[in-house]
Amino acid sequence: DVKVTQSSRYLVKRTGEKVFLECVQDMDHENMFWYRQDPGLGLRLIYFSYDVKMKEKGDIPEGYSVSREKKERFSLILESASTNQTSMYLCASSSLRPPGELFFGEGSRLTVL
Amino acid sequence: GNSVTQMEGPVTLSEEAFLTINCTYTATGYPSLFWYVQYPGEGLQLLLKATKADDKGSNKGFEATYRKETTSFHLEKGSVQVSDSAVYFCALRAGGTSYGKLTFGQGTILTVHP
């Protein structure tokens, strides 16, 4: 069965801390994505990657960076966490081949105090 | 640009009622269309999909038909159950060089009472 695994389901961090969210997929997918989900705002794309070491900004990249050193792993980094980054973070992957549906992880709920 | 508009929620129904969640889209070319479901505390799961006009996607009693003439992909189920309570997202993947990005609607919260 296909699987996208996010390293932490729940995290609590303090303002100014550096935060790493890890995501691993076992489907050999080319594309990987990071979304954040907030009530009333739906899903918003932060960053995505279509190949190893390649990354593209999504709709809300400010305050975030990403790393993709291996095909199966895509990391989201908050260099200096702020309270407005408290959210649910969802990782997803997809194949290049159509129809290209996304497969999601369980999500990581981050609280920044 | 591409966009997806879903009916406002929340939607509250009694068990065995008929469900419709409206979804319309704007996109260039010929997008693929998806419905995702998110159960409480979980990530999103693909519910069904359609890749070309007049295709009907179906799964777990849910159906949606890709209507190019009305740019719609409405989700329907004939008889809902309490276990269908979740958030439902409509999404599209545009063709061309979109790198597989999906554009999502805002989501519709469905609550089904016994």
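For the structure, check the block above.
The notes below deal with the structure included here. (Residues numbered from 1 in each chain as written. Chains lettered and ligands numbered in written order. Predicted model: local features only at pLDDT ≥ 70, side-chain atom pairs only at ≥ 80, totals over all residues. Heavy atoms only, no water.)

## Some remarks on the overall build of chain B
Stage number 1. When helices and strands are counted, chain B shows zero helices and twelve strands.
Stage number 2. When the elements of chain B are put in sequence order from the N terminus, they spell out β-β-β-β-β-β-β-β-β-β-β-β.
Stage number 3. Against the globule reference of 13 Å for 114 residues, chain B gives a C-alpha radius of gyration of 14 Å, in line with a compact fold.
Stage number 4. Principal axes of the C-alpha set define a box for chain B whose edges measure 45 × 30 × 20 Å.
Stage number 5. For chain B, the residues scored as buried account for 44% of the 114 residues in total. (Helix = DSSP H or I, 4+ residues; strand = E, 2+ residues; numbered from the N terminus. Rg over C-alpha atoms; globule rule 2.2 N^0.38 Å. Buried < 20%, exposed > 50% of the residue type's maximum accessible area, 1.4 Å probe, protein only.)

## With respect to the packing of aromatic side chains
Stage number 1. On inspection of all chains with the given rule, the structure shows twelve aromatic pairs over all chains.
Stage number 2. Look at A:Tyr35 and B:Phe104: their rings are 5.5 Å apart centre to centre, the planes differ by 85 degrees, and that puts the pair in the edge-to-face class. Here the residue A:Tyr35 occupies a position in strand β5 (residues 31-38), and B:Phe104 occupies one in strand β11 (residues 102-104), the pair thus bridging two chains. The pair A:Tyr35 / B:Phe104 is uniform in exposure class, with both members buried.
Stage number 3. Where B:Phe34 meets B:Tyr36, the ring centres are 6.3 Å apart and the plane angle is 45 degrees; that geometry is what we call tilted. Across this residue pair, the class does not change: B:Phe34 and B:Tyr36 are buried.
Stage number 4. Members of the aromatic cluster, joined through ring pairs, are A:Phe33, A:Tyr35, A:Phe48, A:Phe104, B:Phe34, B:Tyr36, B:Phe89 and B:Phe104. (Phe/Tyr/Trp six-rings, centres within 6.5 Å; stacked < 30°, edge-to-face > 60°.)

## Looking at unusual backbone geometry
For residues that are not glycine, phi is negative in most cases, and the peptide bond is trans in most cases.
Stage number 1. One non-glycine residue, A:Lys53, adopts positive backbone phi at about 65 degrees.
Stage number 2. Summarising the element assignment, A:Lys53 is placed in the loop between β6 (42-49) and β7 (56-57).
Stage number 3. Here A:Lys53 falls in the exposed class, since its relative accessible area comes to 56%.
Stage number 4. The backbone of B:Asp54 sits at a positive phi, close to 75 degrees, despite the residue not being glycine.
Stage number 5. One can find B:Asp54 in the loop between β6 (44-50) and β7 (56-59).

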